[in-house]
Every structure is written in C-alpha cells, then in structure tokens.
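One letter stands for each residue in the lines below.
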Amino acid sequence: MNKLDRQSMPQSPDAPDRMEGMVPGVRAGGFLFLSAIRGRDPKSGAMVEEPLAQARQALRNIEAVLAASGATRAHVVKVTLYLQDLERRKEFHQAWMEFFPTDPPARIAVAVADANAAPGGKAHYALDVIALAPHGSA
C-alpha cells in the first residue's frame with residue numbers, strides 16, 4: 001500500500017486555536033495548504049474589529065501557522081482573499097504591502113456572501129494560502 005505524501009500541519013502556539021476537526025493546514029506534495037485564516041487575536045480568541053488591524057492580524061496568523069512547520073512568509077506562493085465587502089480591499093492591500101513589501105506572492109480577491117461562517121464572526125477577511133514546504137520539514 002502506498003503511503004500518501006500528506007499530513008496535517010501542527011497547531012502553532014502563536015496562532016488562534018482551531019475548532020474541533022479543523023487543522024491549521026495540510027502538508028502535501030511539497031506544499032503547505034492553509035485555509036480559513038482570519039484576523040482573530042491568538043491570545044484572547046476575539047476577532048480584531050477594525051479592518052486594517054484585522055488584516056494585519058490575519059497576516060500575522062499566517063506567519064505563525066507557517067512557522068510551526070518551519071516555513072516563513074517567503075515560502076508563500078498564492079493567497080486567495082475572501083471578503084464580504086469589496087470596499088475592504090484597500091485596508092487589506094495596505095497590510096499586504098507591509099507584510100510583502102517586495103516580491104509578493106500571487107493573490108486574488110473573491111467576494112463571498114459571508115466571511116463569518118466560523119466561530120468568532122465579524123471577519124472582514126478569510127484567507128486560503130498555498131506555500132512551499134521547506135525542505136526537510138515533516
């Protein structure tokens with residue numbers, strides 16, 4: 001029987017806890033796949049309310065999840081940004097430029113009916129991320 005090149009990524013102590021049955025991401029085929037990353041404060045568990053601050057927190061949460069698997073923001077190759085209000089792209093883009101000032105990954109923004117379909121609500125943004133898995137990481 002062939003063993004699949006797939007495993008759940010570890011939970012970072014610096015990222016918000018996930019609800020039962022949800023993992024921070026999956027490592028498969030030389031990539032890391034992160035999903036439903038939001039701007040929730042990892043210490044309080046509360047959703048950061050102000051859009052720019054929430055965008056910054058979501059990007060810090062990506063960094064924390066990646067770090068638990070030995071990756072950094074430099075490993076990110078694609079981000080899908082889901083947002084309910086396209087007018088919030090401006091705040092997100094400002095945070096994005098702070099986080100990726102040079103050589104940013106590919107990104108697309110998608111309008112959705114509700115970015116709050118998870119505990120905590122009030123999310124302006126939900127992010128799916130594809131990153132390269134660091135060599136030698138398990």
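Look above for the structure.
This is a predicted model, so every value here is computed, not measured. (Residues numbered from 1 in each chain as written. Predicted model: local features only at pLDDT ≥ 70, side-chain atom pairs only at ≥ 80, totals over all residues. Heavy atoms only, no water.)

### Details of the pattern of salt bridges
Threshold: Salt bridge, as used here: a side-chain nitrogen of Lys or Arg that lies within 4 Å of a carboxyl oxygen of Asp or Glu. The numbering of helices and of strands both runs from the N terminus, where a helix is a DSSP run of H or I of at least 4 residues and a strand a run of E of at least 2. Note on classification: 1.4 Å probe, protein chains only; a residue is buried when its accessible area is under 20% of the maximum for its type, exposed when over 50%, partly exposed between these limits.
According to the stated counting rule, one finds 4 salt bridges in the structure shown. When the shortest N-O distance is used, the salt bridge between Arg56 and Glu98 registers 2.7 Å. Residue Arg56 is located in helix H1 (residues 51–67), and its partner Glu98 is located in helix H2 (residues 89–99); the two are separated by 42 residues in the primary sequence. When its relative accessible area of 29% is taken as the criterion, Arg56 is described as partly exposed. In this structure, Glu91 and Arg88 form a salt bridge, with 3.1 Å as the shortest nitrogen-oxygen distance.

### Notes on the nonpolar core
Looking at soluble globular proteins, one finds that nonpolar side chains tend to be buried together. We count it as follows: Only buried Ala, Val, Leu, Ile, Met, Phe, Trp, Tyr and Cys residues count toward a nonpolar core, and they belong to the same one when joined by side-chain atoms within 4.5 Å. Whether two residues touch is decided by their heavy atoms; if any such pair falls within 4.5 Å, the residues are in contact.
Leu32, Leu34, Ile62, Leu66, Phe92 and Leu127 are the most contacted members of the largest nonpolar core, which has 28 residues in total. When residues of this core are traced back to their parent elements, those giving at least two are strand S3 (31–37), H1, strand S4 (76–83), H2 and strand S6 (125–132). At 8 residues, H1 tops the list of elements feeding residues into this core. Setting aside its immediate chain neighbours within four residues, Phe92 contacts Ala55, Leu59, Leu81, Arg107, Tyr125 and Leu127.

### Considering the pairing of strand S2 (residues 25–28)
To keep things clear, this is the line we draw: A pair of strands counts as paired when DSSP detects no fewer than two bridges linking them.
What you see with S2 is no split at all: Gly25 and Arg27 on one side and Val26 and Ala28 on the other are buried throughout. Where strand S1 (residues 6–8) meets S2, 3 bridges bridge the pair, whose relative direction is antiparallel. Pairing of Ser8 across the sheet is with Val26, part of S2. Where S2 lies against S3, 4 bridges are found, and the strand directions are antiparallel. Its bridge partner being in S3, Arg27 is matched across the sheet by Leu32.

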